[in-house]
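Listed below, chain by chain, are the residues.
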4 protein chains.
Amino acid sequence: MKYFENVKKIKYEGSKSLDPYTFKYYNAEEIIMGKPMKEHLKFSMAYWHTMTGGGTDPFGSATMIRPWDEDATGMERAKIRVKVAFEFMEKIGLEYFCFHDADIAPQGATLEETNKNLDEIVDLIEVEMKRTKIKLLWGTTNAFTHPRFVNGASTSPNADVFAYAAAQVKKAIEITHRLGGAGYVFWGGREGYETLLNTDMKFELENLARLLKMAVDYAKEIDFDVQFYIEPKPKEPTKHQYDFDSATVVSFLRANNLDNHFKLNIETNHATLAMHTMQHELRFAADNDMLGSVDANQGDLLLGWDTDQFPTNIYNAVLTMYEILRAGGLTTGGLNFDAKVRRPSFTKEDLLIAHIVGMDTYAAGLRIAANLLEDGVFEDNLKQRYRSYDSGIGKKIVNNEVGFKELETYILNRKEIEANESGKQELLESILNQYIIG
Amino acid sequence: MKYFENVKKIKYEGSKSLDPYTFKYYNAEEIIMGKPMKEHLKFSMAYWHTMTGGGTDPFGSATMIRPWDEDATGMERAKIRVKVAFEFMEKIGLEYFCFHDADIAPQGATLEETNKNLDEIVDLIEVEMKRTKIKLLWGTTNAFTHPRFVNGASTSPNADVFAYAAAQVKKAIEITHRLGGAGYVFWGGREGYETLLNTDMKFELENLARLLKMAVDYAKEIDFDVQFYIEPKPKEPTKHQYDFDSATVVSFLRANNLDNHFKLNIETNHATLAMHTMQHELRFAADNDMLGSVDANQGDLLLGWDTDQFPTNIYNAVLTMYEILRAGGLTTGGLNFDAKVRRPSFTKEDLLIAHIVGMDTYAAGLRIAANLLEDGVFEDNLKQRYRSYDSGIGKKIVNNEVGFKELETYILNRKEIEANESGKQELLESILNQYIIG
Amino acid sequence: MKYFENVKKIKYEGSKSLDPYTFKYYNAEEIIMGKPMKEHLKFSMAYWHTMTGGGTDPFGSATMIRPWDEDATGMERAKIRVKVAFEFMEKIGLEYFCFHDADIAPQGATLEETNKNLDEIVDLIEVEMKRTKIKLLWGTTNAFTHPRFVNGASTSPNADVFAYAAAQVKKAIEITHRLGGAGYVFWGGREGYETLLNTDMKFELENLARLLKMAVDYAKEIDFDVQFYIEPKPKEPTKHQYDFDSATVVSFLRANNLDNHFKLNIETNHATLAMHTMQHELRFAADNDMLGSVDANQGDLLLGWDTDQFPTNIYNAVLTMYEILRAGGLTTGGLNFDAKVRRPSFTKEDLLIAHIVGMDTYAAGLRIAANLLEDGVFEDNLKQRYRSYDSGIGKKIVNNEVGFKELETYILNRKEIEANESGKQELLESILNQYIIG
Amino acid sequence: MKYFENVKKIKYEGSKSLDPYTFKYYNAEEIIMGKPMKEHLKFSMAYWHTMTGGGTDPFGSATMIRPWDEDATGMERAKIRVKVAFEFMEKIGLEYFCFHDADIAPQGATLEETNKNLDEIVDLIEVEMKRTKIKLLWGTTNAFTHPRFVNGASTSPNADVFAYAAAQVKKAIEITHRLGGAGYVFWGGREGYETLLNTDMKFELENLARLLKMAVDYAKEIDFDVQFYIEPKPKEPTKHQYDFDSATVVSFLRANNLDNHFKLNIETNHATLAMHTMQHELRFAADNDMLGSVDANQGDLLLGWDTDQFPTNIYNAVLTMYEILRAGGLTTGGLNFDAKVRRPSFTKEDLLIAHIVGMDTYAAGLRIAANLLEDGVFEDNLKQRYRSYDSGIGKKIVNNEVGFKELETYILNRKEIEANESGKQELLESILNQYIIG
């Protein structure tokens, strides 16, 4: 049984197309800067939002109409969902997906039973992956929804909970390995605190590092050459999430000698919840050789929570792709739609359209970013702007050849220092608009 | 002496132009929906930011290089600035300007002297206006910078300060009248409080209303058919500004029977400081017949203060122009660039470029908004979405023909209520992108 | 069967008590400003949080351990909960409660069945109320959780949904009437929008007013002398809630001639989500004769969503009680704990303790506020601060005896205006601290 | 000539005192946990706010009435201010002060002249310090106000500006050395960016590190055993400040091998601008052995900019002092009032009162924090809460004796994991209130 059979495979028809079930900007095989679009973008479906998200919010129950969920429950439903997921991805041309263990199979009464359920579903996923050539971008564990994780997983004050989380991560890594996943993500879930009044932050962070080290050791042990990622987020569900932002995570990884094993999976909505632009978070990660993968969504900057909207803002898409191109591209990573249709967009058609607009937005963003780079718009300006460090006193500073005394002498000997130049922000924003609006 | 003589009058050269001193989208005489662009947009220069703004911020002194300010002080400088202002507006094709009394002439030791200064400068402005056909969009009073207004102007606990503000507004209205200004704006300045511990809010709001009534009476007395505006802002400089947002101001005006004499001057950056989209504030005002004029700028939604940036965001420009077109256009109002160049954009060339990008952004926004309206993109969807109120029980509700009992009976008699329909947010955002990116 | 039998009735033991199951500040019968504490405070249990809240959040399932929920489902569970609710309220000395229809009884397959369920439970509640003398502070309807309200209730684009909401409100008003409720609250639920792109805000607000008018008419029809309330909230669950803040709601009520029938139910956490202090919202309501009732909780100002924490901040409690005392007290209203224990506070003991700390905080706040008022701390300062309006030009302003001309003449004739006086904020905050810290 | 001669030296008179010019809680010599209050607290006057702050804001000119500024300008005024500063500190019992170079002496036409001015004033300060025994807590440089720093100081794209900043820091370090300063602070000023479109963040951060290394080298060279500090701030004046928060700064210092030479100077208002509690920032610093000194002020969490208010919130003071005591106290650091009187608090009396309330608030906070610690309120709870790591599987985890396999086996072999315990947040907040309200 097919659930999207009335829709043809989504095709590129160009920016004038009036048909919602077509791509306006995403032309998978089109070559941009020497590579097909689809290799630049590596779009991924988030199993949780797209296959299991019901549309609940703190004040409302599920609204999503998912015909495939109506005929079965438990393992049967989980199996139907696998079929639907691959049908959906094929229809839309998504070549990657991501999942938490808990997304794909129901939890059993014991870990043993849960793992059995997982194995059964993973068998099915494997078949579908072979059939469709769709790949696993990364796997992960849900160690935050179940009440046992009420006080955190690896940062729980309850050692048994740490142990449980470890066992769960072990299994999720094994599954990811089996399915040939390129990466494995740690999103902080409830690794954080509600109040410092009852929290030993130092100890909890040490335990967080312990779990990550075990993961590194275990991957090595099973010869799994995986790229680990941490996904920063500043708050929600906890009042303070330990993986606050890129800078915090890089610091934590370095302090624990984990930086060689981890990169960052950066989410747009988490960046802005931390009061950073997405461009900042990407740039910071890239500057520290830590740019790994991207959770492509967007938030509402006038709201204070994680709205996980499908990405439609072209500025964000352009600057995201600009930073990715500038960093030489994502290698193991991709663009995962950690995004959910709005609660009132409850039809299965909305699911398709939301992914199409997400893909179109980043495709348009890629084209524009490539144009900007090929024309050297920002690079030429940078060269000009920092040229005082290419020679003279500037070069000496950069070469660490001078200290305070030399610099004081230099200044005391000059009648006037070199004049500053305009930052030209309005001009640069104007040019950016020309590239976007056309 | 001319300060922009090395720059030609800014002309429209289309979206491919590489010359910063050209319009890419603003084509003043181009007809959009039956009217030339320039009549839709009515761009205005803000005298304060453009002629007197120095680039200070809470941590820094002035950075702006304004050659015309270097040769003179006091009244002489004020006179030079008038010349420069009109040269600048002519060069760029700005047909309107706005000013506070304090922007154009130095304050004297007494109100008498200040008024004398004002008269002398107004003479000069009048000559320039005749020469250039440039018009005054609106005038206003600065009753917040001087230390006498430390505790507010009309809401000061000091009755003499109320009196002083009244005298100052009187003069500013006279000047606006003399210069043929179409409007007069009240921006709340320090009409608000720092702490409720020392504030009688009710009394202060009554005094605020008193001053506005005096203004209405006085305009009538001098036969000045002016459109008064209030400009909402939620905070800054005070902790709480009384004119918080559109809803608050509309409420205040109605409660004081002032709503027939006032409309709103809505500023983009103030809208977002109040956690509203600009579209919301415009829509609310239009729905209440209160949409008057627009302060066209933009804020940084990741910052918490009024950055007054030149508007470059195309989404905002499209939706602003969409709301304005939908409301039948601004009549007495226009688009005033209450925007300042960034502190590091300190050259006079940046001033030109910033206004160009602002005008281009709204021009592109106008074209796109007109296309959206002419194609009925959102209107057709609305008709469809609310059609259940066109007949049956919906029509009865709208016609106030039913109450709780009839509606209960109606529901109890139905097996199932009409199914809801998707809100289609992602689809609408996708179509909006097609109109923008092209 | 009793669920709190191991706990004695909570008693006042004073501020040194080390027993968590005692009041440290709340001494119900103690006379403050001529009235027992309990009449000033009128604490109310929120049925939804306390009896039905499970501790779910957007990333987690229920954590609360509620032994009484374990043995039954459906109507049986609903009945047990009634018993538990009254046992709990008795134990703790809560004399009021509030509920949504959906809190007390399961929804049936039809409205008829739902109403039947409600009637059965209301019978039981009535018995318990008689037995215990516990009263209903206000009733309300949940018209936001069910998927039918996905696009709003009275503001839904689906007329059938309006009708359904009307029928539901009708029943809830009847129940409230039957139980002798003093008030009935409208909290906006999903009366708002996700995006203006698909919303006719004007029409939706008209429909919102229509429903409220029907409610007023129906209460009159059944001779129910109830106080209606609207509870402002700026956002969440929708992107924009129509009942944004006190000023917006007062404006809406007046525009629709509903202001004589409604007051405000002001929630602390909603105030701060709207970027107002609670004191501001209370003051604004009181100044407009609209202060009705209070939802006593608190938010985390560093987070951006409605955390509904139990109130423990003493500053907020003092200033809330100060505004209430200053306004002459709440008449029909009270202090309803619209607050939930933190998700990790999942034991039934936490439920008790959370209510105790909430009651203690407001009790301490009441005492301190009464001391401040009796000593005239802020009032004396206000009299002094605004004294310039008691005579001379100030009096003329207040009496509307002068206009711009007279005020200009007044200023021109004065050599110097009256000097301003310090706002003394630091001094007032210092004194406030003395009253709090002791 | 004395400016505070009508006020007696401020003395401790206890919490019932009605005299504003007395301490209610600060009793300098009172022994708390084995040390006099004044050694715990080491209050410091901020020269910039208290001696040079005029009360300007982005919309207003100076309001502060400072009689000592009226009779002189330039160097003469600078000298008078030194006298006033020490008179003020003596009167109030402040034993420390902090300053930027630019606070104490006017800038000359050249660096040489500026340095000469500095030397002359430093001579005078030295005399006053000897006379009064008042000490320098830390010195710093203002490398952000002057237009030359428009694009940053050490992160400027202009190498000459880097050189100038270096020369200026050199001098400021020398002055600090000469005056026996215990510390030297780097606050980021304009070390950040307005837009990434024109910024090479990586290069700018390298240059920032270069300057800090030069400072370390130079201090060594002149045998100045100083404690360097960085003061985190997330934004303002720039859109993004590089020293975002404690985590970011610790990361930066470690990446550049500067962590042995620097600690953090943490400011309350900067913590909350970064969306952290002050307690979090202090705890994070202490956990990383980086807690150095504190800028004691407070922000308004409903506003989005740095308000630098005098600290009056008792919760913040208690938790700040709790973290400091828990960390073993500040060694080289102290509590510097980086706070300004509100703009309407413009009298010299307000200056006194503001410092008194600041000192009283932290004194009360110290007493309460000491009581909490001595009673082991939070510590006992922590021990209990984390006890599962003291033995069994928890101990093995902490001792790094187990990995994923052992933990999986452990879980698979257990029927049920250890139950979680309540986080008891409401109870802890309740107890905290008892200690505060008394």
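Up top is the structure these notes are about.
Overview of the structure. Along each chain, the written sequence defines residue order, and numbers are assigned to residues from 1. Chain A is the first chain written and ligand 1 is the first ligand written, with later ones labelled in order. Per-residue local features of the predicted model are confined to residues with pLDDT of at least 70, and side-chain atom pairs are confined, for both listing and counting, to 80 or more; whole-chain, interface and lining totals are unaffected and use all residues. Here the side-chain values reflect all heavy atoms present in the structure, with hydrogen atoms and water set aside.

Focus: the relation of the copies chain C and chain A
Piece 1. Residues reaching a pLDDT of at least 70 in both copies supply the C-alpha atoms on which the copies are superposed by least squares. Take chain C, turn it by 180 degrees, move it 0.0 Å along the axis, and it overlays chain A with an RMSD of 0.0 Å. Taken together, the rotation and translation relating the two chain copies correspond to the operation of a two-fold axis. Nearest to the rotation axis, the C-alpha of Gly 304 of chain C is located 1.9 Å from it, this being the minimum over chain C.
Piece 2. Here 100% of the contact residues of chain C are again contact residues in chain A; the copies associate through an equivalent surface. Throughout, a residue-residue contact means that at least one pair of heavy atoms, one from each residue, lies within 4.5 Å.

Re the sheet that holds strand S13 (residues 291–295) of chain A
Residues and elements named next belong to chain A.
Piece 1. As summarised here, the arrangement of the eight strands in space is S5-S6-S7-S8-S10-S12-S13-S14, forming a closed barrel in which the pairing is parallel. With direction set aside, neighbouring strand axes in the sheet form an average angle of 30 degrees.
Piece 2. Strands pair, by our definition, only if DSSP identifies at least two bridges between them. Helix and strand definitions here come from DSSP, where helices need a minimum of 4 consecutive H or I residues and strands a minimum of 2 consecutive E residues; each element is numbered from the N-terminal end. Two strands pair when backbone bridges link them, and strand S7 (residues 135–140) and strand S8 (residues 183–187) are joined in this way by three bridges, in the parallel orientation. Residue pairing for S8: Trp 138 is matched across the bridge by Gly 183.
Piece 3. For every element, the axis is a line fit to its C-alpha atoms; helices are fit only across the contacting stretch, and the angle between N-to-C directions ranges from 0 to 180 degrees. Along the sheet, helix H8 (residues 246–255) contacts strand S10 (227–231) and strand S12 (262–267); its crossing angle with S12, the most-contacted strand, is approximately 165 degrees.
Piece 4. Against the sheet, helix H10 (residues 278–287) makes contact with S12 and S13, and its axis sits at roughly 170 degrees relative to S12, the strand it touches most.

Some words on the packing of helix H3 (residues 74–92) of chain B against helix H5 (residues 111–132) of chain B
Residue and element names in this part refer to chain B.
Piece 1. In contact at an axis separation of 10 Å, H3 and H5 are set at 20 degrees when each is read in the N-to-C sense. One finds that H3 runs roughly parallel with respect to H5. Between H3 and H5 lies a crossing of right-handed hand. For the pair formed by H3 and H5, the contact residues are Met 75, Ala 78, Lys 79, Val 82, Lys 83, Phe 86 and Glu 90 on the first element and Asn 117, Glu 120, Ile 121, Leu 124, Ile 125, Glu 128, Met 129, Arg 131 and Thr 132 on the second.
Piece 2. Only Asp, Glu, Lys and Arg are considered charged, only Ala, Val, Leu, Ile, Met, Phe, Trp, Tyr, Cys and Pro nonpolar, and every remaining residue, Gly among them, polar. When grouped by side-chain class, the residues that make up the contact of H3 with H5 number eight nonpolar, two polar and six charged. Any angle from 65 to 115 degrees is called roughly perpendicular, while one under 35 is roughly parallel, one over 145 is roughly antiparallel, and all others are oblique. Should the near helix be turned anticlockwise from the far one by less than a right angle, the crossing is termed left-handed; should it be turned clockwise, right-handed.

Topic: the pattern of salt bridges
Piece 1. A pairing counts as a salt bridge when a side-chain nitrogen of Lys or Arg comes within 4 Å of a carboxyl oxygen of Asp or Glu. Within this structure, the stated rule accounts for 100 salt bridges over all chains.
Piece 2. With its nearest N and O atoms 3.6 Å apart, the salt bridge here joins Lys 83 of chain D to Glu 128 of chain D. Residue Lys 83 of chain D is found in helix H3 (residues 74–92), and its partner Glu 128 of chain D is found in helix H5 (residues 111–132); the two are separated by 45 residues along the sequence.
Piece 3. Judged by its relative accessible area of 46%, Lys 83 of chain D falls in the partly exposed class.
Piece 4. Ionic contacts of the salt-bridge type, sharing partners, join the residues Lys 83, Glu 90, Glu 128 and Arg 131 of chain A into one network. Partly exposed describes any residue whose relative accessible area lies between the buried limit of under 20% and the exposed limit of over 50%, with all areas from a 1.4 Å probe on protein chains only and scaled to the type maximum.

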